[in-house]
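Letter by letter, the chains look like this.
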Amino acid sequence: MHASHSHLTLAPEGRGVSRLLSRLSQTRPRGVTLAAGVVLTLIISVALFAPWLANHDPLALSPADRLKPMGSEFWLGTDPYGRDLYSRIVYGARVSLTVGLGVAVTSVAIGLPLGLLAGYFRTLDAVLMRIMDGLMAIPGILLAIAIVSLTSASLWTVMIAIMVPEIPQVVRLVRSRVLATREEAFVEAAILMGTSTPRLLWRHLMPSTLAPLIVQGTYICASAILTEAILSFLGAGIGTETPSWGNIMSEGRVYFQLKPSLIFWAGLLLSACILSINLLGDSARDALDPKMKRRMS
Amino acid sequence: MFAYFIRRILASIPVMLVVALFVFLLLRLSPGDPAAIIAGDMASPTQLANIRAALGLDQPLHIQFFVWLGELVRGNFGTSLISQTPVLTMIGQRLEPTGSLAVVAMLFTVIIAIPLGVIAAWCHGRFLDKLVMSASVVGFSVPVFVIGYLLIQLFALELGWLPVQGFRSLSEGIAPFASRIVLPALTLSSIYIALIARMTRASMLEVLDEDYIRTARAKGLPERAVLFRHALRNAAVPILTVIGTGFALMISGVVVTESVFNIPGLGRLIVDAVLARDYPVIQALILLTAGLYVIINLLIDLSYAITDPRIRY
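- As recorded by an unreviewed UniProt entry, chain B carries the name ABC transporter permease and is attributed to Halovibrio variabilis.
- The annotation that UniProt attaches to chain B under Sequence similarities (unreviewed entry) is "Belongs to the binding-protein-dependent transport system permease family."
- As its UniProt record puts it under Subcellular location (unreviewed entry), chain B is described as follows: "Cell membrane".

- You'll find chain A entered in an unreviewed UniProt entry as ABC transporter permease, with Halovibrio variabilis given as the organism.
- The UniProt entry for chain A carries the following text under Sequence similarities (unreviewed entry): "Belongs to the binding-protein-dependent transport system permease family."
- Under the UniProt heading Subcellular location (unreviewed entry), the note attached to chain A is "Cell membrane".

What to know about the overall build of chain A
Line of reasoning, step 1. Summing up its helical and strand segments, chain A has 13 helices and 0 strands in all.
Line of reasoning, step 2. In sequence order, the secondary structure elements of chain A are arranged as α-α-α-α-α-α-α-α-α-α-α-α-α.
Line of reasoning, step 3. Of the contacts made within chain A by residues no fewer than 6 positions apart, 73% connect residues no fewer than 24 positions apart.
Line of reasoning, step 4. Summed over all atoms, the accessible surface of chain A reaches about 12100 Å², with 68% contributed by carbon and sulfur.

Considering the pattern of salt bridges
A pair can form between side chains of opposite charge whenever their charged atoms are brought close.
Line of reasoning, step 1. What the rule picks out here adds up to 6 salt bridges over all chains.
Line of reasoning, step 2. In this structure, R130(A) engages D133(A) in a salt bridge whose closest nitrogen and oxygen atoms are separated by 3.0 Å. Note that R130(A) and D133(A) are positioned in helix α5 (residues 122–137) at a spacing of 3 residues, about one turn of the helix.
Line of reasoning, step 3. Classification of R130(A) by relative accessible area gives partly exposed; the value is 31%.
Line of reasoning, step 4. Residue classification places D133(A) among the buried positions, given a relative accessible area of 2%.
Line of reasoning, step 5. Among the salt bridges present, the one from D129(B) reaches R201(B), with a minimum N-O distance of 2.7 Å. Of this pair, D129(B) sits in helix α6 (residues 127–141) while R201(B) sits in helix α8 (residues 174–208), placing them 72 residues apart in sequence.
Line of reasoning, step 6. A relative accessible area of 2% places R201(B) in the buried class.
Line of reasoning, step 7. Through salt bridges with shared partners, a single ionic network connects R130(A), D133(A) and R172(A).

Brief notes about the packing of helix α5 (residues 87–122) of chain B against helix α13 (residues 266–275) of chain B
Relative placement of two packed helices is described by the angle separating their axes and the distance separating the axes.
Residue and element names in this part refer to chain B.
Line of reasoning, step 1. Viewed as axis vectors pointing N to C, α5 and α13 meet at an angle of 135°, and their least axial separation amounts to 7 Å. Comparing their axes, α13 and α5 come out oblique. Across from M90, I91, R94, L95 and T98 in α5, the residues of α13 making contact are L266, G267, R268, L269 and D272.
Line of reasoning, step 2. In the contact of α5 with α13, the residues fall into 5 nonpolar, 2 polar and 3 charged.

Examining the packing of helix α7 (residues 155–181) of chain A against helix α10 (residues 207–234) of chain A
Residues and elements named next belong to chain A.
Line of reasoning, step 1. At a minimum axis separation of 10 Å, α7 and α10 run at an interaxial angle of 160°. In terms of their interaxial angle, α7 and α10 are classed as roughly antiparallel. Seen along the crossing, α7 lies across α10 with a hand that is right-handed. Facing V158, I162, E166, Q169, V170, L173, V174, R177, V178 and T181 of α7, the residues of α10 in contact are S208, T209, P212, L213, Q216, I220, S223, A224, T227, E228 and L231.

Quick word on the UniProt feature "domain: ABC transmembrane type-1" (unreviewed entry) in chain A
Line of reasoning, step 1. The UniProt feature table records "domain: ABC transmembrane type-1" (unreviewed entry) at residues 93–281 of chain A.
Line of reasoning, step 2. Annotated as 83% helix and 0% strand, the span residues 93–281 of chain A places its first and last C-alpha atoms 19 Å apart.

Description of a positive patch on the surface
Line of reasoning, step 1. On the surface, a cluster of positive charge is made up of K219(B), R224(B), R229(B) and R233(B).
Line of reasoning, step 2. Locating R233(B) in the fold gives a position in helix α10 (residues 223–234).

With respect to the packing of aromatic side chains
Line of reasoning, step 1. Per the counting criterion, the structure on display carries 7 aromatic pairs over all chains.
Line of reasoning, step 2. Measuring from ring centre to ring centre gives 5.2 Å for Y120(A) and F121(A), while their planes differ by 90°; the resulting arrangement is edge-to-face.
Line of reasoning, step 3. The class for Y120(A) is buried, based on a relative accessible area of 18%.
Line of reasoning, step 4. The partly exposed category is assigned to F121(A), whose relative accessible area is 35%.
Line of reasoning, step 5. Relative to F65(B), the ring of F24(B) has its centre 5.1 Å away and its plane inclined at 65°; by these criteria the two rings are edge-to-face. One end of the pair, F24(B), is in helix α1 (residues 2–29); the other, F65(B), is in helix α4 (residues 61–73), and 41 residues separate them in sequence.
Line of reasoning, step 6. Judged by its relative accessible area of 1%, F24(B) is buried.
Line of reasoning, step 7. On the basis of relative accessibility, which here comes to 9%, the residue F65(B) falls in the buried class.
Line of reasoning, step 8. By the ring-pair criterion, three or more aromatic residues cluster together here, those being F24(B), F65(B), F66(B) and W68(B).

How each quantity is defined
Residues numbered from 1 in each chain as written. Chains lettered and ligands numbered in written order. Predicted model: local features only at pLDDT ≥ 70, side-chain atom pairs only at ≥ 80, totals over all residues. Heavy atoms only, no water. UniProt positions renumbered as here; feature names shortened; annotations may be inferred. Helix = DSSP H or I, 4+ residues; strand = E, 2+ residues; numbered from the N terminus. Contact = heavy atoms within 4.5 Å. Areas by Shrake-Rupley, 256 points an atom, 1.4 Å probe, with all protein chains shown as cover. Salt bridge = Lys/Arg side-chain N within 4 Å of Asp/Glu carboxyl O. Buried < 20%, exposed > 50% of the residue type's maximum accessible area, 1.4 Å probe, protein only. Axes fitted to C-alpha atoms, helices over the stretch in contact; angles between N-to-C directions. Parallel < 35°, antiparallel > 145°, perpendicular 65-115°, else oblique. Nonpolar A, V, L, I, M, F, W, Y, C, P; charged D, E, K, R; others polar. Left-handed = near helix turned anticlockwise from the far one by under 90°. Patch = residues over 30% accessible without salt bridge, like charges linked within 9 Å, V, L, I, M, F, W, Y side chains within 5 Å. Lys, Arg positive; Asp, Glu negative; His and termini not counted. Charge placed at Lys NZ, Arg CZ, Asp CG, Glu CD. Phe/Tyr/Trp six-rings, centres within 6.5 Å; stacked < 30°, edge-to-face > 60°.

In structure tokens, the structure reads:
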């Protein structure tokens, strides 16, 4: 349904927050990219070294220590169940990054072949794009909430639920690149030389989609981390005992007036993580697509 | 142009059919038997079978789909499994809080974002521009609920200016309504403000280089008239698009904002329905929002054809 006006100036095709942004950004100073890289590296290290960084078991309940303030024993205090907030937040980085990376990789892995086929075979294109239009019409968050709560609340279902609304975006992007590339002389030459269709798709058409896919993948990663947190926050995410940033905030809600730090630390890290991934995505786009940068700055 | 209108309207029908099919399959194929939910734990197999027959769940899937589709077309969205109220009635009861929230948020967005974008474009490359753009990246990356809690902490808890949570209908007076709607509306509009300020700026920058802007300045029009009357008007089309495509953003924002601020609107309705596995309510809400999304995008496409004479189909 968007294809009809996609040639129109700035009309963004995406639904997600970051994809809209991707069309409108501007040049960024190098220092910002560097800072974003440092922040993200730090968060990744926290996730990798969580068992060494955490000083308590993130799951250990201790009713006697409920809602303790910050101190030397519990660095950021404890949550309503007496669990150490600092250790939970450290482990939460693992959940967020797993979801972000997992969703980005799988949605690209599924969307890429679909987009290649849709761009190349006209009949398949008509059917496939109608299905994608239908999927895109359903607000992603509603689709994700419905999928999670109608199945079960495991890490896998959450990832699938977040991935499903992302796939149409990837398919659209790849398809539009294929449609543009297949008009090129080198593709025509390859067809005339009798290149087999799978080889044509993979060796000649696929490479042109890589640069925009890398950028898109970054934005999907950021948006998946955000969606996971929202799902957990609404109570439709990964099982509540899992220390994810969304779950930590969701549990802190009731005690928010009493102890705002239950929400703020996780919220701060979540925001920093999403912000730095988005900024890196913007830099990647500027580097990979200089034309877009010129037009927008 | 008329033929294009008809074609474009007809093209949205298969999209809605796909949505309907998807929603149907999602709910029917997911584990968890609605009959078992209604009957409760103590039900005998015969009772279950009776409930299933009454709901039409014993029919083959494709028959169920067409029966269900026929009901939808006639405007029958079913009754809630939990409260036994017709779904449309439930949705009707929740429209006011969500509607007020959305309208006030939109108002904030337009009042704040468009001037910010215009100013940023006007000061292109200078400090004010950079400030607005950085603020918009941040406003974009901070999750809605974090912004909500920050606002509550600042304006409700520290300063004590506004109530923490809740909703009052406009019919109960302006002051109680306004005091409770300001924070949630600001929360909801934060992403929109970031997005539309950016879009306005980008779109204004393209227009500001045009010859007619130079002409307008050369004939001595005040700068404000140049910016708002000449430039902004021509920059409006892409801004309109973002408002439309941002609709999905608004939905997710509404769901979260209503949870943070305890507002009994549509967002809460869907979260509650999903947690209780109230199938008809989930179905109806997803279908209605998807339908709204399709209609909004349809209107935007059509408005292009009307407003921009360069577009020919």
